[in-house]
Amino acid sequence: MVTSENNSEQGISRRRLLTSALAVGGLSVGLAGLPAGAQAASPSAGSATRRAARAAARGAETWENIIEKTSFNSWTAFDQVWARNYPSTFGDVTTHNGAAKMLDSQVSLSGGVLTLTATRLSQPAGTSSHPPKAPLWWNSGAIHAKQQIVINDQFPEYDIEGEFRTDTGPGIWPAFWLTGVDVWPPETDILEYVGQDGAYPQNLFNTWNATSTGDDREFEDSGNYVTRTTEQTTAETDPRSKFIKYRVWMYKDGNDVRLEYSFGGNWVADHLGKGWAGIPMWLIINLQMGTYASGLDDESSPGWADQLPGPTGNTYFRAQNVWVGRTRAY
């Protein structure tokens, strides 16, 4: 088993690719320097055929919903499937690799909408126990699904989606993601906006692997391998002004897991999770702040003590109609 501290150390290295871009004023600078194939990855025709076949077959198979779209309708419904803060395997469940401390009071429900609120403090509330051990300048919120997600012969297919509306900008780091319970990678980022400036932000669909998949869109980051598809938002798909649907369809392919990502109702990328079959994962929704989203790497970075740039008022990340379903094979 990998300890939560080791997971956090790995979490630092996987973000270093973002840091250099953020430090010079925008994520797009760093993305422009990626291999061309890493910036965009359209789903193949074969993927469309597989999706159509799976959709047609579901009616004849045993399909079950493990999280219903009504789970944010009440605290009773919420508590059946969700827990506040990060999972227990993180060790300190209130902090991670940013500058925000997660508190129950920053998680609210209203009208079927989950709201995570990050509030800037007048002084930091201590220091994160996870590297890079940032000063905690914000109180914020996180939740995770109680039931772990594992793709294997018994559950060979998962469909995960949600509609999200979020503030973005320097210092803001919302995410809807899966990460390994006992080891990292695997990780899939279904929604991730990391400190982006500019007219319209870019969502990052990331698939992190411990070994190379051989995909020509893949690049190495500190000994791990990531396939990234960036989705440029527009006035019609701006997550700051409206709810946008994010989705990943995951299914077993031998020892691997295929991942197909959808944004705003359109399939935009297919990735490979190398050796993911049988590895349990957590599903997490969190609003992290500071550190990499502020262009800061560690305490040697100018501005580290104040974790700025970043919002000095409240920041909001909202979710609705989050749903998880799977095929059960007998």
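Residues numbered from 1 in each chain as written. Predicted model: local features only at pLDDT ≥ 70, side-chain atom pairs only at ≥ 80, totals over all residues. Heavy atoms only, no water.

*Asks:* Please give an account of the overall build of the chain that cites residues and values.
*Replies:* In terms of helices and strands, the chain carries five helices and 18 strands. Taking all 330 residues of the chain together, 56% fall into the buried category. If you take every contact in the chain between residues at least 6 apart in sequence, the share linking residues at least 24 apart comes to 71%. Carbon together with sulfur atoms contributes 49% to the accessible area of the chain, which is approximately 12300 Å² in total. (Helix = DSSP H or I, 4+ residues; strand = E, 2+ residues; numbered from the N terminus. Buried < 20%, exposed > 50% of the residue type's maximum accessible area, 1.4 Å probe, protein only. Contact = heavy atoms within 4.5 Å. Areas by Shrake-Rupley, 256 points an atom, 1.4 Å probe, with all protein chains shown as cover.)

*Asks:* Before we move on, could you go through the nonpolar core and cite the residues and values that matter?
*Replies:* Membership of the largest hydrophobic core comes to 62 residues, with the highest contact counts inside it found for Phe72, Trp82, Leu114, Ile160, Met250, Leu283 and Ile285. Sorting elements by how many residues they give to this core places strand E17 (residues 281–289) first, with seven residues. If near-sequence neighbours (up to four positions away) are discounted, Leu114 is found in contact with Phe72, Phe78, Val107, Ser108, Leu109, Ile143, Ile285, Phe317, Arg318 and Ala319. Grouped together as the second largest cluster of nonpolar side chains are five residues, Trp173, Val194, Leu204 and Tyr292 included. (Core = buried A, V, L, I, M, F, W, Y, C linked by side-chain atoms within 4.5 Å.)

*Asks:* Talk me through the pairing of strand E15 (residues 256–263); I want residue IDs and the actual numbers.
*Replies:* Taken across its eight residues, E15 has seven buried, putting it largely inside the fold. Relative to E15, strand E14 (residues 244–253) is paired through eight bridges, and the arrangement is antiparallel. Looking across to E15, one finds that Val248 is bridged to Tyr261. Hairpin connection between E14 and E15: a loop of two residues separates the two successive antiparallel strands, and Gly254 in this loop has a positive phi of roughly 65°. In this sheet, strand E16 (residues 266–273) lies alongside E15 in antiparallel orientation, the contact comprising seven bridges. The residue of E16 that forms the bridge with Arg258 is Leu272. Linking E15 back to E16 in an antiparallel pair, the connection comprises two residues, with Gly264 at a positive phi of about 60°. (Pairing = 2+ DSSP bridges.)

*Asks:* Requested: an account of the environment of Asp298, with residues and values cited.
*Replies:* Considering the arrangement of structural elements, one finds Asp298 in the loop between E17 and strand E18 (314–328). Separated by 164 residues in sequence, Asp298 and Ala134 place their C-alpha atoms 7.7 Å apart. Separated by 2.4 Å, the side chains of Asp298 and Ser300 make a polar contact. (Polar contact = N/O pair within 3.5 Å; in protein donor to acceptor, adjacent residues only side chain to side chain.)

*Asks:* I'd like a description of the pairing of strand E9 (residues 172–180), backed by residues and values.
*Replies:* The buried fraction of E9 is high, at nine of nine residues. As judged from the nine bridges shared by E9 and E17, these two strands associate in the antiparallel manner. Looking at the pairing, Phe176 lines up with Ile285 of E17. Pairing analysis gives five bridges linking E9 to strand E10 (residues 187–192), with the strands arranged antiparallel. Its bridge partner lying in E10, Thr179 is registered against Glu187. Between the end of E9 and the start of E10, which pair antiparallel, lie six residues.

*Asks:* Can you tell me about the side chain of Asn139, naming the residues and giving the values?
*Replies:* Here Asn139 is to be found in strand E6 (residues 138–140). Looking at Asn139, the relative accessible area reads 16%, which means it is buried. If near-sequence neighbours (up to four positions away) are discounted, Asn139 is found in contact with Lys101, Leu103, Gln106, Thr117, Ala118, Thr119 and Leu121.

*Asks:* Please give an account of the packing of aromatic side chains that cites residues and values.
*Replies:* Scanning all chains against the criterion turns up 13 aromatic pairs. Aromatic side chains Phe72 and Phe78 sit 6.3 Å apart centroid to centroid with 35° between the ring planes, which places their arrangement in the tilted category. Both residues of the pair, Phe72 and Phe78, belong to the buried class. Between Phe205 and Tyr261, the aromatic rings sit 5.0 Å apart at their centres with planes inclined by 40°, giving tilted as the arrangement. Residue Phe205 is located in strand E11 (residues 202–209), and its partner Tyr261 is located in strand E15; the two are separated by 56 residues in the primary sequence. As far as the burial class goes, Phe205 and Tyr261 line up, both buried. Each residue in the set Phe164, Phe176, Tyr246, Phe263 and Phe317 is aromatic and connected to the rest through ring pairs, giving one cluster. Stacked on the ring of Trp138, the Lys or Arg Arg120 has its end atom at 4.8 Å from the ring centre. (Phe/Tyr/Trp six-rings, centres within 6.5 Å; stacked < 30°, edge-to-face > 60°. Lys NZ or Arg CZ within 6 Å of the ring centre and 35° of its normal.)

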